[in-house]
Amino acid sequence: LKLVWLVGALLVATLLTAFRARVGMPAGGAPLLFYLPAIIIVTLTCGLRIGIASLVLTTLLVWYVFLPPIFAFGPLTHGQIVTLSLWTIIGGLLVAICYFLRVSLQQLWRSEARYRKLVGVTSDIVWVTDGGGHIHFPNDSWSRITGMEWPEFKGRNWLSSIHEEDRPALIP
């Protein structure tokens, strides 16, 4: 599946670049316009190794398609070496940023799944309020234990089910 993402993203970028050339649009910014988003998509969906592979393949495609002589791996001039080096640095930074974003999102999803599992198996009430003490989402355990149905305890209405002496400790 990762190979499909890699080949698919690069194929779409290459076809879009060919389309631009066929309709007479200059190809000057095409690598930035199509290949950098392909690197981003591949890294976010497939991870670091495939992201690096997409960077290597796009670097070769940029060399082959955009640097004279066009559609050939010719010897590089000093300016072309600088261009490919900058392309690789920018692409490498994108791969790194996308990989760290992917890892962060995966950790967030795992953390949320653990929290939901904890809330689901606890016999006590666990509820979440915003900074002002307002509840914005229904909670089955709250309804089961207090007898208040949603949206009866929405906002700060949940406080009516708390004994007056206990309220100050719970109000933010």
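Residues numbered from 1 in each chain as written. Predicted model: local features only at pLDDT ≥ 70, side-chain atom pairs only at ≥ 80, totals over all residues. Heavy atoms only, no water.

Visitor: Looking at this structure, how should I read the overall build of the chain?
Guide: Helix and strand counts for the chain come out as 6 helices and 0 strands. Element order for the chain, N to C, with α for helix and β for strand: α-α-α-α-α-α. For a compact globule of 172 residues, the expected C-alpha radius of gyration is about 16 Å, and the chain comes in at 27 Å, more than 25% above that figure. Dimensions of the chain, computed from the C-alpha atoms along their principal axes, are close to 80 × 30 × 30 Å. With 172 residues in all, the chain has 28% of them scored as buried. (Helix = DSSP H or I, 4+ residues; strand = E, 2+ residues; numbered from the N terminus. Rg over C-alpha atoms; globule rule 2.2 N^0.38 Å. Buried < 20%, exposed > 50% of the residue type's maximum accessible area, 1.4 Å probe, protein only.)

Visitor: I keep staring at the pattern of salt bridges and nothing clicks. Help me out?
Guide: Pairing of side chains with opposite charge becomes possible as their charged atoms draw close. Here the structure, examined in full by the defined rule, presents 1 salt bridge. For R116, the salt bridge goes to E112, with nearest N and O atoms at 2.9 Å. Of the two residues, R116 and E112 are both situated in helix α4 (residues 78-121); the distance of 4 residues between them amounts to about one turn of the helix. Residue E112 is classed as partly exposed on the basis of its relative accessible area of 36%. (Salt bridge = Lys/Arg side-chain N within 4 Å of Asp/Glu carboxyl O.)

Visitor: Just checking my understanding: could you explain the confidence of the model for the chain for this structure?
Guide: Reading fine detail from the predicted coordinates is not recommended where pLDDT is low. Chain-level pLDDT for the chain is 86 on average; 95% of the residues reach the 70-or-more range. Predicted confidence in the chain is weakest over helix α1 (residues 2-22), with a mean pLDDT of 81, and strongest over α4, with 91. (pLDDT = per-residue confidence, 0-100.)

Visitor: So what exactly am I meant to see when it comes to the packing of aromatic side chains here?
Guide: Two aromatic rings are characterised by how far apart their centres lie and by the angle between their planes. Inspection of the entire model under this criterion finds 6 aromatic pairs. Here W63 and F73 contribute two aromatic rings whose centre-to-centre distance is 5.1 Å and whose plane-to-plane angle is 75°, an arrangement assigned as edge-to-face. Taken as a pair, W63 in helix α3 (residues 48-66) and F73 in the loop between α3 and α4 lie far apart in primary sequence, 10 residues in all. The partly exposed category is assigned to F73, whose relative accessible area is 49%. Considering the side-chain rings of W142 and F153, the 5.8 Å spacing of their centres and the 40° angle between planes classify their relative orientation as tilted. With W142 in helix α5 (residues 140-146) and F153 in the loop between α5 and α6 (167-170), this residue pair connects regions lying 11 residues apart in the sequence. Given the relative accessible area of 2%, W142 is considered buried. Using a relative accessible area of 0% as the deciding quantity, one classes F153 as buried. The structure contains a cluster of three or more aromatic residues connected by ring pairs, namely W142, W150, F153 and W158. (Phe/Tyr/Trp six-rings, centres within 6.5 Å; stacked < 30°, edge-to-face > 60°.)

Visitor: So what exactly am I meant to see when it comes to α4 here?
Guide: Helical geometry note: an α-helix holds 3.6 residues per turn, so side chains three or four residues apart project in the same direction. Between the first and last C-alpha of α4 there are 64 Å, a value that for 44 residues agrees with the 64 Å anticipated at 1.5 Å per step. Looking at α4, one finds that the buried residues are Q80, L84, W87, G91, L94, V95, C98 and R102. (Expected span 1.5 Å × (residues − 1).)

Visitor: Explain α1 here, please?
Guide: Between its first and last C-alpha, α1 extends 30 Å over 21 residues, near the 30 Å set by a 1.5 Å rise per residue. Within α1, the full set of buried residues consists of L6, A9, L10, A13, T17 and R20. Here the buried residues of α1 occupy an arc of 85° about the axis, which is enough to place them on one side. Summarising the geometry of α1, the exposed residues directed more than 90 degrees from the buried face are L3, V4, L15, F19 and R22. After α1 finishes, the residue G24 shows a positive phi value of roughly 85°. (Arc of directions from axis to C-beta.)

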